[in-house]
Amino acid sequence: MSLRLAGRRILVTGAASGIGAAIVLQLVAEGARVVAADLDRDRVEALAAQASGAVVPGACDVTDEASCRDAVAATVEHLGGLDGLVHNAAAPSTDGTVVTLSLTDWRREMAVSLDGAFLVSKAAVPAIAAAGGGAVVLIASQLGHVAVGQAVAYCAAKAGLIHLAKLMAVDHAPERIRVNSLSPGAVATARLLQRWPDLAAADAGLGPAHLLGRIGQPSEIAAAAAFLLSDEASFVTGTDLMVDGGYTTR
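Because the structure is a prediction, the values reported are computed rather than measured.

1. Side note on the environment of Gly205
Assignment of secondary structure puts Gly205 in helix α6 (residues 199-206). Residue class for Gly205 comes out partly exposed when judged on its relative accessible area of 39%.

2. A look at the packing of helix α1 (residues 18-29) against helix α7 (residues 218-229)
Between α1 and α7, whose axes approach to 8 Å, the crossing angle comes to 55 degrees. By the angle class used here, α1 and α7 are oblique. Classified by chirality, the crossing of α7 by α1 is right-handed. The segment α1 lies against α7, with Gly18, Ile19, Ala22, Ile23, Gln26 and Leu27 engaging Pro218, Ser219, Ile221, Ala222, Ala223, Ala225, Ala226 and Leu229.

3. Let's talk about the environment of Ala223
With respect to the secondary-structure elements, Ala223 resides in helix α7. Overall, Ala223 belongs to the partly exposed group, its relative accessible area being 31%. Considered as a pair, Ala223 and Ala140 are 83 residues apart in the sequence and their alpha carbons are 15 Å apart. For Ala223, the residues in contact, after removing those within four places along its chain, are Arg4 and Gln26.

4. A word on the sheet that holds strand β7 (residues 240-243)
Reading across the sheet, the seven strands line up as β3-β2-β1-β4-β5-β6-β7 and stay open at both edges, with parallel pairing between neighbours. The sheet is open, and its two edges are formed by β3 (55-58) and β7, each paired on a single side. The average angle at which neighbouring strand axes cross in this sheet is 20 degrees, direction not considered. In the sheet, strand β2 (residues 33-37) pairs with β3 via four bridges, with the strands oriented parallel.

Quick notes on the rules
- Note on numbering: residues in each chain are counted from 1, in written sequence order.
- Only residues with pLDDT of at least 70 get local features here, since the model is predicted, and only at 80 or more are side-chain atom pairs given and counted; chain-wide, interface and lining totals rely on the full set of residues.
- Remark: hydrogens and water are excluded; side-chain values derive from all non-hydrogen atoms of the structure.
- Helix and strand assignments come from DSSP, with helices taken as H or I runs of at least 4 residues and strands as E runs of at least 2, each series counted from the N terminus.
- Buried residues are those whose accessible area, probed at 1.4 Å on protein chains only, stays under 20% of the maximum for their type, while exposed residues exceed 50% and partly exposed ones sit between those limits.
- Convention adopted: a line fitted to C-alpha atoms gives each axis, helices being fitted over their contacting stretch, and angles between N-to-C directions are expressed from 0 to 180 degrees.
- Working definition: roughly parallel below 35 degrees, roughly antiparallel above 145 degrees, roughly perpendicular at 65 to 115 degrees, and oblique for all remaining angles.
- Should the near helix be turned counterclockwise from the far one by less than a right angle, the crossing is left-handed, whereas a clockwise turn marks it as right-handed.
- Any two residues whose heavy atoms approach within 4.5 Å are treated as being in contact.
- DSSP calls a pair of strands paired once it identifies at least 2 bridges connecting them.

Next comes the structure, spelled out in structure tokens:
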């Protein structure tokens, strides 16, 4: 595997499982050193144990500004600087329309997905600038582009992430910081088990909505994130990379 991220120092939020864990392992395989931050300390410690010292387990409550500052400061301390950020933290979603969804559930979705991206970026961007520049990736969703019923909070939060990445790209280009979002389609993670009895059932139910006829794998999203963080994407900023198996083409 290419070591296109050799020497890069990267913070990943929502790193304990699923897409986040896959991203951490992909970045390490490509030469990066990573702080894997999550509220689930046991899982990030188990993840770090797989990575032969290249992963530092960390804690970050992305809904809390002080916690985000502490996570970035700890990353800089452990790794000697910060070159990249992946915001992958996401809240359990609650179905509902603007009429049926509670304000509490709306705010929980926004607090983790959108406010969390704002707060961790607020802390990380100055550190990345101090290192001479780098890259930020916000994990969004194909449902930030298209609407599905009963998902008003999730869809709105992911759409906000996509536009936040564009705004950050404009503001921080002079600091040599590239900012992009990445929008997966349905991916085979435990998150799908909130709605499906198992991943095989999820693939059978959701796969036909994707042109490729299947749901994605966490490793496929991780590979795209690594690309956006690498110099191979040196002329890519302010865009949303769709990794959705063709879901949004129809």
